[in-house]
Amino acid sequence: MKDLLEEARSLLGAARRVAFFTGAGISAESGVPTFRGEDGLWRSWRAEDLATPQAFRRDPRLVWEWYVWRRSVVSACRPNEGHLALARFALARPGRTAVITQNVDGLHREAAVRATGGADPASAYPLELHGSLFRDRCSGCGARTEALDSVDVSSLSTLPRCGRCGALLRPDVVWFGETLEAVVLARAMAAARAAEVCVVVGTSTLVYPAAYVPCATLEAGGAVVEVNPEETPLSDEAAVVLRGRAASLLPGLLA
Ligand code: BV8
Ligand code: ZN
């Protein structure tokens with residue numbers, strides 16, 4: 001593993017621009033359940049049952065109940081050494097590093113704020129391809145607001161509604177069958193194309209179009225470094241595969 005780490009470090013050292021593409025695995029050691037692991041978020045519920053617009057139309061109360069539960073779990077989680085090492089790397093290379101995440105847990109953003117010690121964290125803020133658990137959006141007029149502190153999911157009539165148009169609010173995340181925000185996806189793909197190295201951390205690379213991000217680096221002639229304890233469909237395309245956990249590998253890779 002040591003020479004693999006050295007090989008990955010020299011790729012990063014030679015790269016002018018670096019993109020990070022992360023999934024649920026980078027937050028696993030913070031205590032956020034992954035989607036497809038044994039304790040996966042989907043275990044007790046199936047994604048198709050809840051993270052879809054059809055589910056929200058059919059039973060908005062149940063969908064809100066699941067997201068209120070997830071908000072309570074995730075708000076008790078803190079960034080781990082993997083998030084912090086990635087944030088420090090991005091802060092040291094402003095304008096040359098893209099942080100692209102599928103996660104909705106807000107931990108990259110929190111790590112950027114913590115790593116700067118008060119300076120401007122913006123260069124380490126992530127592009128959130130699938131939105132954020134901690135923002136609400138109106139299902140009618142699309143107005144976005146910070147997440148409400150508490151949502152009363154006891155009945156349909158107590159669910160939150162938009163102050164402007166009266167439609168039901170929903171979590172500001174991208175559900176299955178919904179398109180990603182075009183400008184966010186375009187910025188992520190452009191950053192991946194421009195990067196000589198894309199570091200892919202903690203993702204099963206099964207969800208599209210997000211999973212196209214590392215392919216954009218490869219198609220532009222760049223290299224992929226994969227950090228994951230398990231094999232993924234991307235592993236064979238990676239120049240270096242670091243088989244291990246993000247919180248233990250990223251500090252050594254990125255220092
Ligand atoms: C779209 C936000 C179409 C919500 C998420 C049938 C019907 C409808 C759509 C489809 C369909 N079939 C296929 C599709 C397309 C679908 C898709 O790709 N499905 C997959 C499952 C096949 N995609 C979509 O629906 C997308 N939209 O296609 O629109 C369209 C097109 C045009 C016009 C109109 C419509 C939208 C997809 C976004 C869905 N929203 N999240 C919420 O969170 O509630 S996806 C959700 O799952 C996450 O955000 C994340 O992106 C994804 C999970 O993936 P991972 O992050 O990779 O997590 P996972 O658990 O899978 O893997 C964890 C990895 O970490 C593992 O590899 C593990 O080994 C590793 N790991 C574990 N521990 C560690 C670790 N690594 C490092 N360190 C550790 N310690
Ligand atoms: Zn509205």
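The rules behind these values
- Residues numbered from 1 in each chain as written.
- Chains lettered and ligands numbered in written order.
- Predicted model: local features only at pLDDT ≥ 70, side-chain atom pairs only at ≥ 80, totals over all residues.
- Heavy atoms only, no water.
- Axes fitted to C-alpha atoms, helices over the stretch in contact; angles between N-to-C directions.
- Helix = DSSP H or I, 4+ residues; strand = E, 2+ residues; numbered from the N terminus.
- Parallel < 35°, antiparallel > 145°, perpendicular 65-115°, else oblique.
- Left-handed = near helix turned anticlockwise from the far one by under 90°.
- Contact = heavy atoms within 4.5 Å.
- Nonpolar A, V, L, I, M, F, W, Y, C, P; charged D, E, K, R; others polar.
- Buried < 20%, exposed > 50% of the residue type's maximum accessible area, 1.4 Å probe, protein only.
- Arc of directions from axis to C-beta.
- Donors = N, O, S within 2.8 Å, 3.2 Å for Na, K, Ca; no water.
- Tetrahedral: all angles 85-135°; square planar, octahedral: opposite > 155°, others 65-115°.
- Near = heavy atom within 4 Å.
- Polar contact = N/O pair within 3.5 Å; in protein donor to acceptor, adjacent residues only side chain to side chain.
- Areas by Shrake-Rupley, 256 points an atom, 1.4 Å probe, with all protein chains shown as cover.
- 1 Å grid on protein atoms, 1.4 Å probe; cavity = no way out; pocket = protein on both sides within 12 Å on 5 of 7 lines; lining within 4 Å.
- Sits in = over half its atoms within 2 Å of the grid points.
- Core = buried A, V, L, I, M, F, W, Y, C linked by side-chain atoms within 4.5 Å.
- Domains from an automatic or database assignment.
- Buried area = accessible area lost by both parts, 1.4 Å probe.
- Salt bridge = Lys/Arg side-chain N within 4 Å of Asp/Glu carboxyl O.

Asks: Lay out the packing of helix α1 (residues 2-14) against helix α10 (residues 246-254) in plain terms, naming residues and giving numbers.
Replies: Following both chains from N to C, one finds α1 and α10 inclined at 50°, their axes separated by 9 Å at the closest point. Between α1 and α10, the crossing angle belongs to the class labelled oblique. Both α1 and α10 take part in a crossing whose hand is right-handed. Each of L5, A8, R9 and L12 in α1 lies in contact with α10, whose residues at this interface are G252, L253 and L254. Split into classes, the residues belonging to the contact of α1 with α10 amount to five nonpolar, one polar and one charged.

Asks: Could you give me a rundown of helix α7 (residues 107-116), with the residues and numbers involved?
Replies: Among the residues of α7, those classed as buried are L107, H108, A111, A112 and T116. With its buried residues spanning 160° around the axis, α7 presents them on a single face. With its phi angle positive at about 60°, G117 sits one or two positions after the end of α7.

Asks: Residues and numbers for the coordination of the zinc ion (ligand 2), please.
Replies: Within the protein, the zinc ion (ligand 2) binds to C138 (SG), C141 (SG), C162 (SG) and C165 (SG); these donor distances fall in the range 2.3 Å. Seen from the zinc ion (ligand 2), its four donor atoms lie at angles of 96 to 122°, and the figure they make is tetrahedral. Spacing between the donor residues of the zinc ion (ligand 2) along the chain follows C-x2-C-x20-C-x2-C. Of the two residues, C141 sits in the loop between β4 (131-138) and β5 (144-146) while C162 sits in the loop between β5 and β6 (169-173), which places them 21 residues apart along the sequence.

Asks: Explain the site of ligand 1 to me, using residue names and the numbers behind them.
Replies: Every one of the 31 residues lining ligand 1 counts as a neighbour, but R36, Y67, R70, G177 and S204 are closest to it. G25 places a polar main-chain atom, nitrogen or oxygen, 3.4 Å from a nitrogen atom of ligand 1. In this structure, Y208 approaches ligand 1 through a main-chain N or O atom, which is 2.8 Å from an oxygen atom. Contact with the protein chains hides 73% of the accessible area of ligand 1, taken as 1,500 Å² for the molecule alone. Put simply, ligand 1 lies in the largest pocket. Broken down by class, the residue content of the shell around ligand 1 amounts to 14 nonpolar, eleven polar and six charged.

Asks: Describe the nonpolar core, and please don't skip the residues or the numbers.
Replies: Judged by nonpolar contacts, the single largest core of 29 residues is most densely connected at L12, V199, V227, L242, L250, L253 and L254. Elements that contribute at least two residues to this core include exactly α1, β1 (18-22), α6 (81-92), α7, β7 (197-201), β8 (223-227), β9 (240-242) and α10. Residue contributions to this core peak at six residues, all from α6. Counting 25 residues, the second largest nonpolar core, distinct from the first, contains L50, L133, V153 and L159.

Asks: Explain the domain arrangement of the protein chain residue by residue, including any values.
Replies: Taken domain by domain, the protein chain holds domain 1 (1-32 + 78-130 + 179-255) and domain 2 (33-76 + 133-173). A straight line from the C-alpha centre of domain 1 to that of domain 2 covers 27 Å. For the domain 1 and domain 2 pair, buried surface summed over both sides reaches about 1,000 Å², with 54% attributable to carbon and sulfur atoms. Three residues, V32, R78 and V104, lead the burial of domain 1 against domain 2; their summed loss comes to 43% of the area buried on that side. Linking R144 and E181 is a salt bridge whose minimum nitrogen-to-oxygen distance equals 3.0 Å. Connecting domain 1 to domain 2 are five residue pairs in polar contact (both at pLDDT 80 or more). Tallied by class, residues from the side of domain 1 that touches domain 2 come to six nonpolar, four polar and four charged.

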